[in-house]
Structure formats: structure tokens, C-alpha cells
Amino acid sequence: MVKKLKKVDAVIVGSGWVGGIAAAELTKAGYNVVILERGKNKKHEDFIGTKDELRYSRRYELMQELNKDTITSRNSMDKEAIPVRNNMNARLGNNTGGAGVHWNGMSFRWMPYDFEIYSKTVERYGKDKIPKGCTMQDWGITYDEIEPYFDQYEKTAAISGEENPLGASRSDKYPNPPMKDTPNIRLFTKAAKALGYHPYRIPSANASQTYTNPDGETINGCVYCAFCEEYGCDFGAKADPIGTVLKTARKTGKMELRNNAFVNRVSHDGKKANGLIYTDTTTGEDFEQPADIVVLAGFVFTNIKLLLHSKIGQPYDPKTGQGIIGKNFTGHFNNLSTYIGARGFFEDKKFNNFMGAGGMGSSVGDFSGDNEDHTNLNYLHGYEVHYSQLGSRPIANNSVPYDTPGWGKEFKKNSIKYYNRNLFITAQTGFLPNKNTYLDLDPTYKDALGNPLLRVTVEYTKQDIERAKAGVARCEEIMKEMGADKMNVDIVRDDTVFDHKFYTDHFFGGAIMGATPENSAVNTYSQMWNMENLFVVGGSSFPHTGNYNPTVTIGAFAYRAAEGMIKFLKEGGNLAVKPLEENA
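Along each chain, numbering runs from 1 in the same order as the chain's sequence is written. With the structure being a predicted model, the display of local features is reserved for residues of pLDDT at least 70 and the display and counting of side-chain atom pairs for 80 or more, all residues being used for whole-chain, interface and lining totals. By convention in this description, side-chain values take in all heavy atoms of the structure and omit both hydrogens and water.

### Quick look at the packing of aromatic side chains
Inference 1: Only rings of Phe, Tyr and Trp enter the pairing, Trp through its six-membered ring, and a pair is recorded when the two centres are within 6.5 Å. The plane angle decides the type: under 30 degrees is stacked, over 60 is edge-to-face, the rest tilted. Counted according to the given criterion, the structure contains 39 aromatic pairs.
Inference 2: With a centroid separation of 6.5 Å and 45 degrees between ring planes, the pair formed by Phe115 and Phe150 is classed as tilted. You can see Phe115 sitting in helix α3 (residues 112-115) and its partner Phe150 sitting in helix α5 (residues 143-156), a full 35 residues away along the chain.
Inference 3: Each residue is placed in one exposure class: buried if its accessible area under a 1.4 Å probe, protein chains only, is under 20% of its type's maximum, exposed if it is over 50%, and partly exposed if it falls in between. A relative accessible area of 0% means that Phe115 is categorised as buried.
Inference 4: Note on Phe150: relative accessible area 0%, which makes it buried.
Inference 5: Each member of the aromatic cluster is reached from another via a ring pair, and the members are Phe299, Phe301, Phe329, Phe333, Phe431, Tyr460, Phe498, Phe502 and Phe507.
Inference 6: Here, a charge over a ring means that NZ of Lys or CZ of Arg falls within 6 Å of the ring centre while also lying within 35 degrees of the ring normal. The ring of Tyr174 has Arg170 sitting right over it, with the charged end atom 3.8 Å from the ring centre.
Inference 7: Over the ring of Tyr525 we find Arg560; its NZ or CZ atom is 4.0 Å from the centre of that ring. A run of H or I in DSSP becomes a helix once it reaches four residues, and a run of E becomes a strand once it reaches two; helices and strands are each numbered from the N terminus.

### A short note on the pattern of salt bridges
Inference 1: Any Lys or Arg side-chain nitrogen found within 4 Å of a carboxyl oxygen on Asp or Glu counts as a salt bridge. Across all of its chains, the model carries 33 salt bridges by this definition.
Inference 2: The salt bridge involving Asp494 is made with Lys469; its shortest N-O contact spans 2.3 Å. Residue Asp494 is located in the loop between β20 (486-489) and β21 (507-508), and its partner Lys469 is located in helix α10 (residues 462-481); the two are separated by 25 residues in the primary sequence.
Inference 3: Taken together, the shared-partner salt bridges connect Arg38, Asp69, Lys305 and Asp447 into one network.

### Considering the layout of surface pockets
Inference 1: Grid points spaced at 1 Å and placed over the protein atoms alone form the basis of the search, with a cavity being a set where a 1.4 Å probe fits but cannot get out and a pocket an open set showing protein on both sides within 12 Å along at least five of seven lines. Lining residues have an atom within 4 Å of a point. Grid points are joined across faces, edges and corners, and a volume is the space filled by probe spheres set on the points. In this structure, the second largest pocket occupies an estimated 400 Å³ of space.
Inference 2: Forming the walls of the second largest pocket are 19 residues, and the residues nearest its centre are Arg38, Glu65, Lys68, Asn94 and Thr281.
Inference 3: For the lining of the second largest pocket, the per-class residue count stands at five nonpolar, six polar and eight charged. Residue classes follow a fixed rule: Ala, Val, Leu, Ile, Met, Phe, Trp, Tyr, Cys and Pro count as nonpolar, while Asp, Glu, Lys and Arg count as charged, and any other residue, Gly among them, counts as polar.

### Describing the nonpolar core
Inference 1: Among buried residues, those of type Ala, Val, Leu, Ile, Met, Phe, Trp, Tyr and Cys that are joined through side-chain atoms within 4.5 Å constitute a nonpolar core. With 146 residues, the main nonpolar core has Leu296, Phe301, Leu307, Met528 and Leu534 as its most contacted residues.
Inference 2: Sort the elements by how many residues they give to this core and helix α11 (residues 551-571) lands first, with ten residues.
Inference 3: Excluding anything up to four places from it in sequence, Leu307 contacts Leu296, Ile312, Ile325, Ala511, Met528, Leu534 and Val536.
Inference 4: Grouped together as the second largest cluster of nonpolar side chains are eight residues, Tyr113, Tyr125, Cys134 and Leu380 included. Contacts are assigned to residue pairs with any non-hydrogen atoms lying within 4.5 Å of each other.

### So, the pairing of strand β14 (residues 341-345)
Inference 1: Within β14, four of the five residues are buried, leaving the element largely enclosed by the surrounding structure.
Inference 2: Note on pairing: DSSP must find at least two bridges between two strands before they are called paired. Two strands pair when backbone bridges link them, and β14 and strand β17 (residues 422-429) are joined in this way by five bridges, in the antiparallel orientation. In the strand pairing of β17, Ala342 is matched with Ile425.
Inference 3: In terms of strand pairing, β14 meets β20 through four bridges, oriented antiparallel. Across the sheet, Arg343 pairs through a bridge with Asn488, a residue of β20.

By themselves these figures say nothing about function.
Pasting the structure below:
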């Protein structure tokens, strides 16, 4: 039996960056908010003294328990999808703060080209340049319109950085200067400049100095301990939802965050969302939390699973091209669009690889988006090349040249020799949507509560493979200029297929935004076209993948969505249509 609770102004799924931003803005405006978080309660104090590689990088304590809820995966429509059960293949966020707690902190803005990709591609190259089967589209918004929200997020999250010399215009500089410079970073920067490129320091949410954000929350200066990715920050020096937006919302006294609350579906009458149905996983009891507005602020898989399971919107059918929910799934895929590049080994140089931070490093944007002329290239969109000094934690790092045997005396000798004599640079590429890469409900497998699992189908295209090859070649070029004596260069084969790894948390689409309900699920305020009091916010609304890390862009759209929620609670109606009517 489902117990119905007292109605609130807003109920939110997920306590990551998106849910936290919505909660902070709504509570500051005087509204009562309930957040439903499936994971456990976590606070910064829980991370003190927890630099434990076995616990966090091998047993993945902060990640989703895949034996209870996961996705199924296949790399073509004619294959049977299999559940992903090992966190080595899927590091999906869980607990208070979500993936915003264990992220690295790289904080790039996506490019103007990304938001108008269809129009700008046709304008520069003609319609015939767009490959058959590609479902790219404009987002319904321009960079200039979203820029103020970029600035708002960067100030909330204490971003440290310097201006990209090839980047879009900014209304203000970063709130903090770049992180420390190191010999490793200087070597990459010098080589990139010698080749005629334009390197700059990676913008980072690991604060370069102690900083108080506009909401009054303090983020401490980073100590470069190297435990960012997969770890919570016990120094409070990596901006996360716990220490910023959730803290701000709590101070208002108008937010309740319920942990161990697994949301099963959206309650609705076909035109209006009434609330969320969830199970308290500690007691097994079912509840309905009614609200005036419902916000799906979970990871892309959570949001799309809830929409499909709740029968909201028309599911996408790849055979007919009809329907929208599940369409345009994209991402930074492990063996194609990130984590591949060139590792250099140096005979006469030693590096302090053990000092670092998740967002520390240098990047080259010359080949990002449409910065390069693609007229004579066999792919669209681009790639970003960077050296990142994450910090090499002692157990999981042991790189040796390819010509080293996999065991024995030579392996031991080279393991010791090259332990502090190697550097890695990588290319992160865009990924354009195609008609056969999508999300739907799996017909066979279910989660621990009996709900169908979400099925992921990913097909790489020739364009994606050629783009990846170009990125790796650029890494090899720069590493050679850096003076490496030996190199391990990743090979991208023509027959590379999706490897069922969901390692980055950089996945998008399924409830994409646009200018009209004919080609999108939500408007640019992340408001559902066909259910106006339902907001679906986060990477699930992105129609494609840019070549940069996504968190700042997700944060910017979360601030825009929160502004829309407040306006809707005051005035009602479709937020995208209203300005048009007012200007008529």
C-alpha cells in the first residue's frame, strides 16, 4: 500500500549538482522542497582519512550498487543486451551529492557551436556534409543566452582558471586564478606552443585558493593530494553539492533530503505530474510525495528510465524515427572518445607525478568543436587535447613501455625505472547522435524492486572513429615534441565497437531540448512540453556530446531550469512560449 504524504511545493529526484542547484534556488525563493536520494547520507566529515585505494578505487564505495539497479548494454540493435554488474565498467554516482562528490573537477564551458550545431554546420559546409543517419539538431538556445548561467555556476563552484585564447566571450573572469604550475605542465605547454597551438590552464573546481561563493559557502584551497576522482574531498577544497548548494538549501530550513528513497515512477494524470512514488529501501514501505512541481534531476539513466516507466512522452523508435524519449543518446565512450592518447616514457627526466588534483593541467582547444576547418576532413565536430596532472596514486599506477614483457625481471626493472618517468596526454572527442544509438526499457531484466532496467544501444559510426584517430595522432605529435624517448600510442581500429563501459559519467540525451515539441522533449528551461509542471534537468536534455567535460554546462542549464521553476510556480504556463507571446 502506498502512503500519501503532505504536499510540498517541489519534489526533486537526486541530490547531485542539478538537484542541489534546484533546491538552493527554490528554497532561497521561499518554496518548500523535498529531495529524494536513493543513496546513503554523506557529509564531508565522512571522507576524513579515507584515502584508501582498495576501498574507493577497487571496491568503489561511492558508486551505485549494480546488483540492485543497473542498465543493460548492447552495441547494435540485433544483439541481446546484457546487464552491467561490475563497477569497473560503470562508475555511476550514488549517495548525497551524487557524482558531484567523486568527480575530478574539470570545468570547461561547451562552445557556441555546440548549441547551434545544425545551423552552423549547414551554414559553413552545406547540408550534404551531415552524414546519413546523424540526428544532430540545434538546442533552441544560443551561447549568449546561456552565458550568464555559466558565470553563475562558476562563481558558485569556485572555478579556478584562465581564459581560453580561442574560447567564446565571457561576461566575467574566473573567480579564482589557475591552479599551481608544474614542470610537467610547463613541458606540455612549451611543446604545444612550439607546434603553433594555443594551450591554456584547465579550468578547475579544485580551488586554487580559499574562496567564499555568492551564497556565503567557503571552499578551501586545494592541497594537491591526488585523491579527487572516485573520492570525496576531506579538505573541502573540491567544490561539490554537499559543501555548496545543498548546504545553502539546508540553511533556509525549507529543504528536506530523504536518503534511501528509490523513486519508482512519476504520478500523473496524463497532463499534470502529481508527485513521485518511491520506496524507502531501509523499510520496504512505499510512499507518494505530492508536489506542485516535479523535478527529475537524476543521472541520464535515472531520468529516462522514470519517463519511460511512467509512460510520459512517446518512446523513440529507431526503425521509424518517431518518438522522442530515449532519442540521441551520446557520451564520452571509454575506448573511443576519452582515455585514449599517447603515453611517453623519458630516459633522462623524472617527474613528481604523485602531487596533483583532478582539474590540474593544460589543454589545447585548436581542434575543439568547429575551430578547425572540416571541409576536407571526413568527420564533423572535434577534440580537445590535454595533459592532466591528476596525481598518480601508489597502487593503481604502473605503466611500462609496450615492448616490456608482462612479467619477470624485465617487467619489475621497467616498473621501477619508469614509475616517475612517464606522462600521458589524451584527446577527448565529441560524439554526434545517430539514429541507432538510443535508450529504451529492457524487455527481460528488472531492478531489485521489479521495475524494467534501462537498455542502452550504442553504435559507433565511421565519423566517430575517424575523429578519434585524429585526436590520438595529435597526442602523439605533441608527446613527440615533448621529447619522449618511447611512446605507447593507442590504436583506434576501423572496426572498433562500443565496449559496454560506462566509465566517465559523461552520458547525455534521451529527453533532449529544442525549440519545438516536434523535435524535443523539453524546452530550454528543461520543462516538458506535454506536462508543464514536470522539469527534466541535466545531461539527459543535451542533444549531443561536446568534446569538453560537461559539469559546468549541466550546472548552467540547472540554474536556467531553476529560474524557470520559480517563474512557473508564480505564473504557470509554458516558459518557452510566454516570451514569444509577450514580444508579439
